[in-house]
Amino acid sequence: MSKFLKNVAEYLFSQHANGMEHLNVVFPNRRAGLFFQKYLSQLIQQPLFSPNVLTISDLVGQFSSLKVVDHNVLIVELYQVFVELTQSGESLDDFYYWGEMLLSDFEDVDKYLVDTKQLFSNIQSLKEIDYGLDFLDEEQIQYLSTFWSNILQARQSGFKDEFLNIWRKLLLIYKKFNLQLEQKGWAYEGMMYRKMAEHISSLDEFDQEAGYVLVGFNALNKCEENLFSFLQTKANASFFWDYDDYYKEAQQHEAALFLHKNMLKFPMPDDFDVSSQNFSQLKEIEVVAVPGFAGQANFAASWLDLNKEQVTNQFDNTALVLCDETLLIPMLNSIPDSVSDLNITMGFPVKSSPAYALLKGLIDVDRNSRFNKNGELVFYFRNVLALMSNPLMKEFIGHAGDQFVEQIRTENKIYLTGTDFEQVDFLNIVFALPTTAQQCKEYLHTILKTFFATNTTTDHILKESLYQLYLSINRLHDSLFADGTNIGKLFSKKLYYQLLLRQLDRLTIPFEGEPLLGVQLMGFLETRCLDFDNLILLSFNDDKLPGNSHRHSFVPYSLRKGFGLPVIEQRNAMYAYYFYRLIQRAKKVTMVYDSRTDGLSGGEVSRFATQLKFEAKHLVLNEKQGIFNFEPGAVQNILVEKTEPVVLKIKNFVLNKRISPSALNRYLECKLSFFFKYIEGINETDEVREDIDHLIFGRVAHKALELLLLPFVGKEMDAADFNSILKDKKKLSLALNHALQTEYFKKGNFELNGRNLLVYDIILKYIVRILKYDKTIAPLKILSLEKTYEHSINLDVFGERANVRYGGVVDRLDQTANKIRVVDYKTGASENQLSSLDKLFESEKQQNKAAFQTMLYANCVVNQLDVTLPVVPSVYGARSVFMEDFNPSFQLSGGQLIYQANAVEFESRLQLLLEELVDVDVPFTQTAKVATCKFCDYKGICKR
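Just so it is clear, the model here is predicted, and its values are computed rather than measured.

The rules behind the values
- Residues numbered from 1 in each chain as written.
- Predicted model: local features only at pLDDT ≥ 70, side-chain atom pairs only at ≥ 80, totals over all residues.
- Heavy atoms only, no water.
- Axes fitted to C-alpha atoms, helices over the stretch in contact; angles between N-to-C directions.
- Helix = DSSP H or I, 4+ residues; strand = E, 2+ residues; numbered from the N terminus.
- Parallel < 35°, antiparallel > 145°, perpendicular 65-115°, else oblique.
- Contact = heavy atoms within 4.5 Å.
- Nonpolar A, V, L, I, M, F, W, Y, C, P; charged D, E, K, R; others polar.
- Left-handed = near helix turned anticlockwise from the far one by under 90°.
- Expected span 1.5 Å × (residues − 1).
- Buried < 20%, exposed > 50% of the residue type's maximum accessible area, 1.4 Å probe, protein only.
- Polar contact = N/O pair within 3.5 Å; in protein donor to acceptor, adjacent residues only side chain to side chain.
- Pairing = 2+ DSSP bridges.
- Salt bridge = Lys/Arg side-chain N within 4 Å of Asp/Glu carboxyl O.

*Asks:* What is the right way to read the packing of helix α16 (residues 354-367) against helix α22 (residues 460-481) from this model?
*Replies:* For any two helices packed against each other, one specifies the inter-axial angle together with the distance between the axes. Following both chains from N to C, one finds α16 and α22 inclined at 40°, their axes separated by 8 Å at the closest point. The angle between the axes of α16 and α22 places the two elements in the oblique class. Two secondary-structure elements touch here, α16 through Pro-354, Ala-355, Tyr-356 and Leu-359 and α22 through Leu-462, Ser-465, Leu-466, Leu-469 and Ile-473. By residue class, the composition of the contact of α16 with α22 is eight nonpolar, one polar and no charged.

Written out as structure tokens, the structure reads:
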């Protein structure tokens with residue numbers, strides 16, 4: 001099938017073979033001009049001068065003396081006009097983003113040659129109606145809203161007059177803004193278009209011998225229509241429209257919304273054959289649902305392999321079209337070897353490079369820094385850790401970075417100060433933050449230059465990314481500060497960083513290659529005017545094509561429609577034309593969409609596929625589900641035999657260390673987890689705890705209670721003693737603060753905020769509730785606090801008789817009139833009912849860890865001390881302690897659990913447990929309770 005641009009090239013060559021250099025051929029985009037020149041070169045048999053190929057923006061610029069200036073400069077100019085005319089005290093930070101909305105409206109107003117006086121007076125009148133309906137009730141407002149969609153609900157706002165003042169001043173703001181720009185020789189694009197359109201007919205100098213050819217346009221604004229009319233009259237311009245009869249002849253097809261008007265006003269040459277009946281020859285389109293970016297990229301690679309006989313190196317043979325350009329990196333990583341030549345038109349996004357991540361990390365550190373109550377600048381640990389984990393930073397500072405990260409974790413530093421970085425010179429530079437927006441350039445440049453100069457990698461994209469970041473910072477700085485005005489003083493660091501990151505979001509590094517060779521990998525809008533034999537469209541989802549973007553505007557929808565400004569229907573029609581035009585000459589079309597329904601994505605195919613399915617009677621849509629045969633091997637149960645090396649480690653553990661109740665509880669819960677932690681010594685990662693979790697909660701409560709009761713160790717406490725503690729709020733607060741400083745903040749700054757203030761209050765209530773309960777059972781004698789008790793059992797340890805020690809730190813040992821209590825404080829759930837002692841040793845059942853722990857402690861206490869009273873295991877659960885019927889003593893078969901009465905059975909079961917641990921024939925196995933693995937630190941090893 002003949003391509004549109006090839007047809008145009010052949011026609012122009014036949015008509016102007018001896019005078020091509022006098023032609024100005026205008027396209028919607030530059031890539032169309034490149035393809036046109038290639039087609040033209042294929043027709044040439046001898047050297048000749050090429051026509052002047054340009055875009056519509058280039059053409060408009062030729063008829064204007066104004067210069068389109070940087071977007072940031074325009075917003076600042078608009079801000080200064082706004083403040084002058086409205087006497088507003090609004091900062092540039094607050095104005096900037098709705099100032100962009102206002103500038104966007106000015107762009108539309110000018111490009112569509114709207115009568116600004118009429119438009120802005122209508123807006124003012126509508127807003128006065130909106131704000132003037134205070135006398136109506138809600139039902140009336142709702143009824144009127146069906147006619148006037150912009151009626152505001154907050155009609156009683158105290159800012160009503162201020163808002164109305166802004167609407168009244170819109171015309172003045174527009175006029176003064178345009179006047180100030182014109183006096184400086186500046187313009188925004190819409191202003192330049194309007195000036196061109198209004199004055200083009202009175203041009204004194206115009207080369208009427210130059211020929212103008214306008215190719216492949218669709219939606220024209222009023223300024224472009226005026227320009228086209230002028231060229232049609234003064235330069236006998238030629239127009240070439242691309243279409244297919246399928247949508248051109250259909251009734252009210254959205255793809256032809258602009259086509260009929262354009263062709264009627266600017267007809268094509270009579271002898272040009274547009275080839276308008278191609279779409280009917282396409283009989284089948286594949287629509288494939290594939291989940292995820294990687295899945296789509298893999299499918300596209302598979303498609304290229306399967307169709308390698310049809311995929312050639314011809315530049316207009318095959319195109320991979322990315323409706324979502326973030327698919328570029330996954331697609332580049334999936335290109336098969338069968339594709340020998342690939343042309344990438346979009347460029348590598350700098351935001352995908354570690355250089356961008358480094359810069360973003362620096363900005364995040366600055367943006368989230370703050371001054372603490374002592375006036376010190378502090379840095380949030382998450383931002384610091386993210387910066388330290390950047391591969392560029394890790395390579396540069398080496399082992400010092402690892403030590404620094406470890407220090408943050410072990411000391412639980414949530415906020416860091418400048419003194420924390422003193423040992424590493426480069427970090428002193430990194431954390432010496434700029435104080436003003438103007439200083440940001442020097443700060444960021446210093447760091448980027450350091451990395452660029454010391455980086456020895458052969459990764460050219462990384463080096464280029466650093467360089468492009470450097471240039472972007474330069475450009476932004478120059479646009480804000482280099483003109484010698486006071487503009488830069490208006491910019492805060494916050495706004496500066498926002499503008500820089502927005503600018504970098506669009507920054508790309510062009511790939512080197514031959515643009516007219518091989519498979520074309522391109523974005524959707526780059527396909528305008530181009531035709532390919534084979535097409536595969538990726539991310540063909542409705543939220544990507546045509547998309548559902550809603551542009552905010554000061555001009556209500558009804559007025560936009562009434563004054564001929566672009567609305568959402570026209571945007572959809574424009575994309576519909578681009579889509580149908582793209583596929584109309586293709587021989588093979590495959591559309592792939594992301595079928596995921598998570599997050600913001602609905603997993604819906606583009607509405608254009610649905611239109612084709614029900615409207616294109618000649619066409620069959622072959623709908624498929626992309627399937628990938630991921631066959632992961634079945635997860636094998638892990639079993640560790642007690643081989644000689646393992647036996648040596650077990651002997652070292654049981655003979656040289658005291659076995660804690662926690663270790664035995666873990667062994668009962670999962671033997672493999674016990675092996676990893678206690679035999680192999682694989683410890684859990686020590687993470688920074690930003691919030692006080694249940695583990696820290698317990699440590700803090702333990703420490704605070706120890707501090708409060710320490711003066712009473714060895715003494716008998718009566719109700720008055722407990723009352724004195726409860727009434728002394730200062731003592732309670734000091735004890736809790738000291739516990740927090742020791743167990744949570746460690747060496748960090750003591751500063752409670754946010755959620756931790758609530759947790760602080762809960763811990764305090766927990767401590768107070770325990771003291772109040774103890775008062776009810778007083779008098780009681782505190783025998784010990786946080787003291788270690790231990791005992792031993794003589795065992796055969798792999799052929800060697802030895803005493804195996806066990807025990808641990810008992811939170812509290814106290815004595816009432818008729819018993820000794822082994823008290824344990826628990827922050828989690830605690831069940832004090834036991835059906836039998838055997839349940840403590842059954843690994844396949846739900847364990848009562850607190851009961852096992854306190855029974856083991858009771859065993860140690862009875863064997864270590866000369867006791868005559870019953871020893872009762874007890875637990876103060878953080879939840880149960882607040883119940884009215886709270887009883888800390890464990891209950892066995894309806895009665896109080898007393899250790900001595902159950903000592904023989906407990907010691908017998910304990911001995912069997914320890915013998916099993918040192919039994920060479922009993923391996924370390926995974927637990928059968930999969931639910932246990934959910935929060936296990938070793939599940940990554942087990943793959944559970």
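Read on, since the account is not over.
*Asks:* How do you make sense of the packing of α22 against helix α23 (residues 493-505) when you look at a structure like this?
*Replies:* It is the contact of α22 with α23, at a shortest axis distance of 10 Å, that shows an interaxial angle of 130°. It follows that α22 is oblique to α23 by the angle criterion. Crossing geometry of α22 relative to α23 is assigned as right-handed. Here α22 contributes Leu-469, Ser-472, Ile-473, Arg-475, Leu-476, Leu-480 and Phe-481 to the contact with α23, which in turn contributes Tyr-496, Leu-499, Leu-500, Gln-503 and Leu-504.

*Asks:* Please clarify how helix α4 (residues 71-86) should be interpreted in this entry.
*Replies:* Owing to its 3.6 residues per turn, the α-helix aligns residues three or four sequence positions apart on the same side. With 16 residues, α4 extends 22 Å between its outermost C-alpha atoms, agreeing within 8% with the 22 Å of an ideal straight helix rising 1.5 Å per residue. Asn-72, Val-73, Leu-74, Ile-75, Val-76, Glu-77, Leu-78, Tyr-79, Val-81, Phe-82 and Thr-86 are the residues of α4 that are buried. One side-chain oxygen at the N-terminal end of α4 lies 2.8 Å from the backbone nitrogen of Asn-72; it belongs to Asp-70. Just past α4, the residue Gln-87 takes up positive phi, approximately 55°.

*Asks:* Would you explain unusual backbone geometry in this entry?
*Replies:* A cis amide bond, omega 5°, links Leu-545 with the succeeding residue Pro-546. On the secondary structure map, Pro-546 appears in helix α24 (residues 543-547). Here the amide bond leading from Ala-778 into Pro-779 is cis, since omega sits at 10°, within 30 degrees of zero. Mapped onto the fold, Pro-779 is located in the loop between α34 (755-777) and β21 (780-797). Non-glycine residue Gln-87 carries a positive phi angle of around 55°. Along the chain, the position of Gln-87 falls in the loop between α4 and α5 (92-111). Residue classification places Gln-87 among the exposed positions, given a relative accessible area of 67%.

*Asks:* It is not clear to me how the sheet that holds strand β13 (residues 415-417) should be interpreted in this structure. Could you clarify?
*Replies:* One key point about sheets: their strands pair by backbone hydrogen bonds, in either a parallel or an antiparallel sense. Pairing is antiparallel in the open sheet, where three strands are placed in the order β11-β12-β13. Among the strands making up the open sheet, the edge pair consists of β11 (370-371) and β13. As paired strands, strand β12 (residues 377-380) and β13 are joined by three bridges and run antiparallel to one another. Bridge assignment links Val-378 to a residue of β13, and that residue is Thr-417.

*Asks:* Teacher, can you tell me more about the sheet that holds strand β2 (residues 52-55) here?
*Replies:* The parallel open sheet is built from four strands, whose spatial order is β2-β1-β5-β6. The two strands at the open ends of the sheet, each matched to only one other strand, are β2 and β6 (238-240). With direction set aside, neighbouring strand axes in the sheet form an average angle of 20°. The pairing of strand β5 (residues 211-215) with β6 spans three bridges and is parallel. Residue Leu-214 lies in a different strand from β6, and its bridge partner there is Phe-239.

*Asks:* Explanation requested: the environment of Pro-870 in the structure shown.
*Replies:* Positionally, Pro-870 belongs in the loop between α35 (849-864) and β25 (871-877). Residue class for Pro-870 comes out partly exposed when judged on its relative accessible area of 27%. Considered as a pair, Pro-870 and Leu-897 are 27 residues apart in the sequence and their alpha carbons are 9.6 Å apart. Not counting residues within four places of it along the chain, the set of residues in contact with Pro-870 comprises Asn-818, Lys-819, Ile-820, Ile-898 and Gln-900.

*Asks:* What exactly am I supposed to notice about the pattern of salt bridges here?
*Replies:* Two side chains with opposite charge may pair up if their charged atoms get near one another. A complete count under the given rule lists 41 salt bridges for this structure. Between Glu-800 and Lys-651 there is a salt bridge; the shortest N-O distance is 3.4 Å. Placement of the pair is Glu-800 in strand β22 (residues 800-815) and Lys-651 in helix α28 (residues 644-656), with a sequence separation of 149 residues. Relative accessible area serves as the criterion here: at 36%, Glu-800 is assigned to the partly exposed category.

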